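Notes for the structure review
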Amino acid sequence: VNALSSRFAVKSFRDGEFVEASFAKGELIEENKGKSSEPNGTYVEFIPDPEIFKKYRFQKEFISKRIWHYAYL
């Protein structure tokens, strides 16, 4: 996904610590580590690259179902 995004960020929380990375068009632009009070989990955010995806729209129902399927796995 990061190579197809104008911006892609991921942040992972585990046992009181976090690691995060930010990308722009597939290139790593920032990486951080530190302490956190957040519960264990992962946060992902991206914006599709408009040069690649001229017209796009998210289908919220499809995405919600897909996330639940992946969470089960």
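Cut-offs and rules
Residues numbered from 1 in each chain as written. Predicted model: local features only at pLDDT ≥ 70, side-chain atom pairs only at ≥ 80, totals over all residues. Heavy atoms only, no water. Salt bridge = Lys/Arg side-chain N within 4 Å of Asp/Glu carboxyl O. Helix = DSSP H or I, 4+ residues; strand = E, 2+ residues; numbered from the N terminus. Buried < 20%, exposed > 50% of the residue type's maximum accessible area, 1.4 Å probe, protein only. Patch = residues over 30% accessible without salt bridge, like charges linked within 9 Å, V, L, I, M, F, W, Y side chains within 5 Å. Areas by Shrake-Rupley, 256 points an atom, 1.4 Å probe, with all protein chains shown as cover. Pairing = 2+ DSSP bridges. Axes fitted to C-alpha atoms, helices over the stretch in contact; angles between N-to-C directions.

1. Section: the pattern of salt bridges
For the coordinates displayed, the defined rule picks out 5 salt bridges. The residue Arg7 makes a salt bridge to Glu45 at a minimum N-O spacing of 3.6 Å. Linking Arg7 in strand E1 (residues 5-14) with Glu45 in strand E4 (residues 41-48), this pair joins segments that are 38 residues apart in sequence. Looking at Arg7, the relative accessible area reads 35%, which means it is partly exposed. Lys25 is the partner of Asp49 in a salt bridge, and the nearest nitrogen-oxygen pair spans 4.0 Å. Of the two residues, Asp49 is situated in the loop between E4 and helix H1 (60-72) and Lys25 in the loop between strand E2 (17-24) and strand E3 (27-35); the sequence distance between them amounts to 24 residues. Through salt bridges with shared partners, one network takes in Lys25, Asp49 and Glu51.

2. Here's the deal with a nonpolar patch on the surface
Together, Val1, Leu4, Val44, Phe46, Ile47, Ile52, Phe53, Tyr56, Phe58, Phe62, Ile63 and Ile67 line one region of the surface with nonpolar side chains, adding up to about 1100 Å² of accessible area. Put simply, the parts of the chain that give the nonpolar patch at least two residues each are E4 and H1. By the element assignment, Phe53 lies in the loop between E4 and H1.

3. A word on the environment of Glu31
Within the secondary structure, Glu31 sits in strand E3. Remark: the alpha-carbon pair of Glu31 and Arg57, spanning 26 residues in sequence, is separated by 29 Å.

4. Some thoughts on the pairing of E2
Relative to E2, E1 is paired through 7 bridges, and the arrangement is antiparallel. Bridging from a neighbouring strand, Lys11 pairs with Glu20 of E2. Taking the residues between adjacent antiparallel strands as the criterion, E1 and E2 are bridged by 2 residues, where Asp15 takes a positive phi near 50 degrees. Pairing of E2 with E3, which is carried by 8 bridges, proceeds in the antiparallel orientation. Counterpart to Glu20 in the pairing with E3 is Asn32.

5. Comments concerning the sheet that holds E2
Across a sheet, paired strands are connected by hydrogen bonds in the backbone, their directions being either parallel or antiparallel. Reading across from one edge, E3-E2-E1-E4 is the order of the 4 strands in this open sheet, with antiparallel pairing throughout. In this open sheet, the two strands that pair with only one neighbour each are E3 and E4. Neighbour-to-neighbour, the strand axes of the sheet open up by a mean angle of 10 degrees, direction not taken into account. Relative to E4, E1 is paired through 8 bridges, and the arrangement is antiparallel. Residue Ser12 lies in a different strand from E4, and its bridge partner there is Thr42.

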